[in-house]
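Here are the chains, one letter per residue:
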Amino acid sequence: MGAAMRRIHVGNALSAFGLGFTVPYLYVYVAQVRGLGSVTAGLVLAVFAVAALIVLPFAGRAIVRRGPLPVLLVALVTAALGAMSLGLSASAGTVLLSAAALGAGQAVMQPALATMIVDCSTTETRSRAFAMQFFLQNLGLGVGGLIGGHLVDTSSASSFTLLFAIEAAMFLVLVAVMATVRAPRAPRIEEAPGQSAGGGSWKQLLGNRAMVQLCVLGFVLFFACYGQFESGLSAYGVEAAGISTSALGTALAANTLMIVVAQFAVLKFVERRKRSRVIASVGLIWAVAWAVAGYAGLGHGSQTMATAAFISTYALFGLGEAMLSPTLAPLVADLAPTGLAGQYNSAFALVKQLALAIGPAVGGPLGASLHGPYIVAFLLFSLGITVLAVRLGRQLTDVQNQPSLARSRVVTQGGAPADAVVAAEA
C-alpha cells in the first residue's frame, strides 16, 4: 500500500467517524431538541437524498475534467460548513439549507474517493483496496456513533452542537490530509466489446450495456438491503416480531460486527471467483435472511427465538455486504473507459441514492402493516438479484468478471510473474 492509498484510507475512516457522531441522532435533534416537529425532521432526511440526486450528475463530469482531488476538497469544505451550520440552526429554513449543503458534500465525497482509489490501485489490488475502504467506513461509523451516544444529551442543544462541530472538524482535518495526496493514474483493465474510450457524455455511458445492467442490479441491491435497514425492516421487526428498541440496536450492531469480522475472511474467497457469481451468491444469502425475518415475525416461536432470528437477519445482511464491497466498486471502475472512472462512479452513486430514497418510502409502510407481503416481496427481490447477476456475467469479458485470470494468464503463457512485470515497468 503506497503513501497515497494510506492517506485515502485514513480519509475514509475520518469521514465515517465524523458522520457517525450525527447520523443516528439527526431525527431526534431536529424533531425534539430544536422542537421543529417530525414533519421537518422527515424533510431533512429527504433533503439529503434530493441534494445527492441533484449534484451527482454534475460531480461525475467535474471529476473527469478536474480530477477527483479538487472535487473532493470542495465537497469536504461544503460538508463542513453544512455540518457546523446544522449544529447552530434553530429554524426550519436554516436547518433545511444546512442539510442540503451537508448532503451534497457527503454525496460527492463517495465517487471522488472511489475514483482516487481506482487511480492508486491496479486490477490485482483494487478489490482489497475497496474492501479496506468498506471496513474502515463501518468501523468509523460504529466508533463515532458509540462516542456520540455518550456525549449527546437530548435536554441540551449545546451537546448536539458539539457533535456537529466534531463532524465539521473531521471534514476539515480530512481536507488537510487529502491535500497532500499525489495520486497516479492507474491503467484500467481491458474494455468490453463495443466500448469507446472517447467522450464523457451520459449517452455513451447508457450505451454500455454491461454498465446499464450493473446499475439496474445495483438499484435492486440497495433497494432490497440498505433501503430497508432503518425503515421497512425495523418497522416490521417492531410491529410483527415485537422486537424492542434495544434489540433493534443489537441487530444493527450485529450487522456492523459481521462486516468487521468477516470482511477480510471472505476477501480471498471473493478474489478468486467470478464477480457475477459472488453477487448471485449474495442474492441467495439475502433470500435466506428474509426467510429468517419471516420466521421472526410470522412464526409461532417464543419471543427469544424471534429476537434471535431478527438479529440473525441483520448479521446475514452484513455477510452479503462484506462480499459485495470488494466486488461492486472495482467492477464499476473496470467497466469505465480510461479517464471516465469518475463519471461511472458518480452514475453508480446516483443509482444508490435513488434506491435509498425510494426504499424507505416503499418499505416503511409495507413493513409496518402488510407483514406477509413485505417478506415475500423482498425475498423475491433477493432472488431477482441472483438472476440479474447471472445475466450481467454474460455481458462481461473474462477478465472483467474474474480479474485474477489476468495474472494467471501471464504465468501460463510463460511470461514473468505479474509482480515482476509491474516492477520491471516501474
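Residues numbered from 1 in each chain as written. Predicted model: local features only at pLDDT ≥ 70, side-chain atom pairs only at ≥ 80, totals over all residues. Heavy atoms only, no water.

With the rule as written, the count across this model stands at three salt bridges. The salt bridge involving Asp334 is made with Arg275; its shortest N-O contact spans 3.0 Å. One end of the pair, Asp334, is in helix H15 (residues 328-335); the other, Arg275, is in helix H13 (residues 275-298), and 59 residues separate them in sequence. Relative accessible area serves as the criterion here: at 4%, Arg275 is assigned to the buried category. Salt bridges here are not isolated pairs; linked through shared partners, they connect Arg126, Arg275 and Asp334. (Salt bridge = Lys/Arg side-chain N within 4 Å of Asp/Glu carboxyl O. Helix = DSSP H or I, 4+ residues; strand = E, 2+ residues; numbered from the N terminus. Buried < 20%, exposed > 50% of the residue type's maximum accessible area, 1.4 Å probe, protein only.)

Helix H7 (residues 157-178) packs onto helix H5 (residues 92-119) with a crossing angle of 30 degrees between their chain directions and a minimal axis gap of 14 Å. Relative to H7, H5 is oriented roughly parallel. As for the relative orientation of H5 and H7, their crossing is left-handed in sense. Only Glu167, Phe171 and Met178 of H7 make contact with H5, whose side of the interface consists of Leu102, Gln106, Met109, Leu113 and Met116. Looking at the contact of H5 with H7 residue by residue, the class counts come to six nonpolar, one polar and one charged. (Axes fitted to C-alpha atoms, helices over the stretch in contact; angles between N-to-C directions. Parallel < 35°, antiparallel > 145°, perpendicular 65-115°, else oblique. Left-handed = near helix turned anticlockwise from the far one by under 90°. Contact = heavy atoms within 4.5 Å. Nonpolar A, V, L, I, M, F, W, Y, C, P; charged D, E, K, R; others polar.)

This paragraph deals with a nonpolar patch on the surface. Residues Leu139, Val143, Leu146, Ile147, Leu151 and Leu162 make up a contiguous nonpolar surface patch of roughly 470 Å² in combined accessible area. For the nonpolar patch, the leading source of residues is helix H6 (residues 126-151), giving five residues. Residue placement: Val143 occurs in helix H6. In this structure Val143 comes out as partly exposed when scored by relative accessible area, which is 36%. (Patch = residues over 30% accessible without salt bridge, like charges linked within 9 Å, V, L, I, M, F, W, Y side chains within 5 Å. Areas by Shrake-Rupley, 256 points an atom, 1.4 Å probe, with all protein chains shown as cover.)

Here we take up helix H2 (residues 26-33). Burial in H2 covers these residues: Leu26, Tyr29, Val30, Ala31 and Val33. On its buried face, H2 sits against helix H1 (3-22), helix H3 (37-66), helix H4 (68-88), H5 and H7. Downstream of H2 by one or two residues, Gly35 has phi in the positive range, about 65 degrees.

Attention now moves to the side chain of Thr40. Considering the arrangement of structural elements, one finds Thr40 in helix H3. Of the polar contacts made by the side chain of Thr40, one reaches the backbone oxygen of Leu36; its length is 3.0 Å. If we ignore the near neighbours within four places in the chain, the residues touching Thr40 are Val30, Ala92 and Leu96. (Polar contact = N/O pair within 3.5 Å; in protein donor to acceptor, adjacent residues only side chain to side chain.)

In terms of nonpolar packing, the biggest core is built from 110 residues, with Met178, Met211, Leu214, Leu233, Trp286 and Phe310 touching the most fellow members. Of all the elements, H5 adds the most residues to this core, at eleven residues. Residues in contact with Leu233, not counting those within four places in the same chain, are Gln228, Trp290, Ala293, Phe310, Thr313, Tyr314, Phe317 and Tyr374. (Core = buried A, V, L, I, M, F, W, Y, C linked by side-chain atoms within 4.5 Å.)

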